[in-house]
Amino acid sequence: MNNKRRGRLQDALKMLSNAAAIVENVCDDEQDCMDNYPENLQCTEAFEHMEAAADSLNDALEKIDDAKEHIQSALH
């Protein structure tokens with residue numbers, strides 16, 4: 001792989017790291033909101049949507065990490 005393509009992949013890694021930081025921040029905020037949700041409202045549809053969103057964000061973070069690992073493998 002030449003340096004130009006290697007540099008483009010390194011740029012992609014930086015973008016994925018930035019995206020992961022954003023997703024993680026939003027996920028943490030959603031989790032904090034869930035942690036502070038009144039106990040009597042934790043069986044509501046709104047709370048279930050929050051849980052589903054947090055789960056989806058955690059899945060997204062795992063996939064971003066997987067993508068980063070694959071790109072790093074390609075760089076070596």
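Heads up: the structure comes first, above all this text.
Being a predicted model, the structure only gives us computed values, none of them experimental.

Enquirer: Just to check I follow, could you spell out the overall build of the protein chain for this structure?
Expert: Assigned secondary structure in the protein chain consists of 2 helices and 0 strands. Taken over the C-alpha trace, the protein chain has a radius of gyration of 17 Å; the compact-globule value for 76 residues is 11 Å, which it surpasses by more than 25%. With respect to the principal axes defined by its C-alpha atoms, the protein chain has extents near 60 × 15 × 15 Å. The buried share of the protein chain, reckoned over its 76 residues, is 17%. In the protein chain, once contacts between residues fewer than 6 apart in sequence are set aside, the share between residues at least 24 apart is 66%. Of the roughly 5,700 Å² of accessible surface on the protein chain, 49% is carried by carbon and sulfur atoms. In the protein chain, 7 positive and 17 negative side-chain charges are present, and the distance between their average locations comes to 26 Å.

Enquirer: Whenever I open this one, the packing of helix α1 (residues 3-35) against helix α2 (residues 45-75) confuses me. Can you help?
Expert: For the pair α1 and α2, interaxial distance at closest approach is 9 Å and the crossing angle is 160°. By the angle class used here, α1 and α2 are roughly antiparallel. The chirality of how α1 crosses α2 is left-handed. When its residues are assigned to classes, the contact of α1 with α2 shows 22 nonpolar, 5 polar and 5 charged.

Enquirer: What exactly am I supposed to notice about the packing of aromatic side chains here?
Expert: Given two aromatic rings, their pairing is described by the distance between the two centres and the angle made by the two planes. In this structure the tally under the stated criterion is 1 aromatic pair. Aromatic side chains Y37 and F47 sit 5.3 Å apart centroid to centroid with 40° between the ring planes, which places their arrangement in the tilted category. A residue pair is termed long-range when its members are at least 10 positions apart, and Y37 in the loop between α1 and α2 and F47 in helix α2 qualify at 10 residues. Its relative accessible area of 7% is what places F47 among the buried residues.

Enquirer: Would you explain the state of the cysteines in this entry?
Expert: Working definition: the covalent bond between the sulfur atoms of two cysteines is a disulfide. Tallied over the full model, the rule gives 0 disulfides. Summary of cysteine pairing: C43 is not part of a disulfide, and the nearest cysteine sulfur, belonging to C33, is at 16 Å.

Enquirer: Help me out: how do you make sense of the environment of D29 in this one?
Expert: You can see D29 is positioned in helix α1. Assessed through its relative accessible area of 47%, D29 is described here as partly exposed. Placed 22 residues apart in sequence, D29 and G7 show a C-alpha to C-alpha distance of 33 Å.

Reading the values: the criteria
- Residues numbered from 1 in each chain as written.
- Predicted model: local features only at pLDDT ≥ 70, side-chain atom pairs only at ≥ 80, totals over all residues.
- Heavy atoms only, no water.
- Helix = DSSP H or I, 4+ residues; strand = E, 2+ residues; numbered from the N terminus.
- Rg over C-alpha atoms; globule rule 2.2 N^0.38 Å.
- Buried < 20%, exposed > 50% of the residue type's maximum accessible area, 1.4 Å probe, protein only.
- Contact = heavy atoms within 4.5 Å.
- Areas by Shrake-Rupley, 256 points an atom, 1.4 Å probe, with all protein chains shown as cover.
- Lys, Arg positive; Asp, Glu negative; His and termini not counted.
- Charge placed at Lys NZ, Arg CZ, Asp CG, Glu CD.
- Axes fitted to C-alpha atoms, helices over the stretch in contact; angles between N-to-C directions.
- Parallel < 35°, antiparallel > 145°, perpendicular 65-115°, else oblique.
- Left-handed = near helix turned anticlockwise from the far one by under 90°.
- Nonpolar A, V, L, I, M, F, W, Y, C, P; charged D, E, K, R; others polar.
- Phe/Tyr/Trp six-rings, centres within 6.5 Å; stacked < 30°, edge-to-face > 60°.
- Disulfide = S-S within 2.5 Å.

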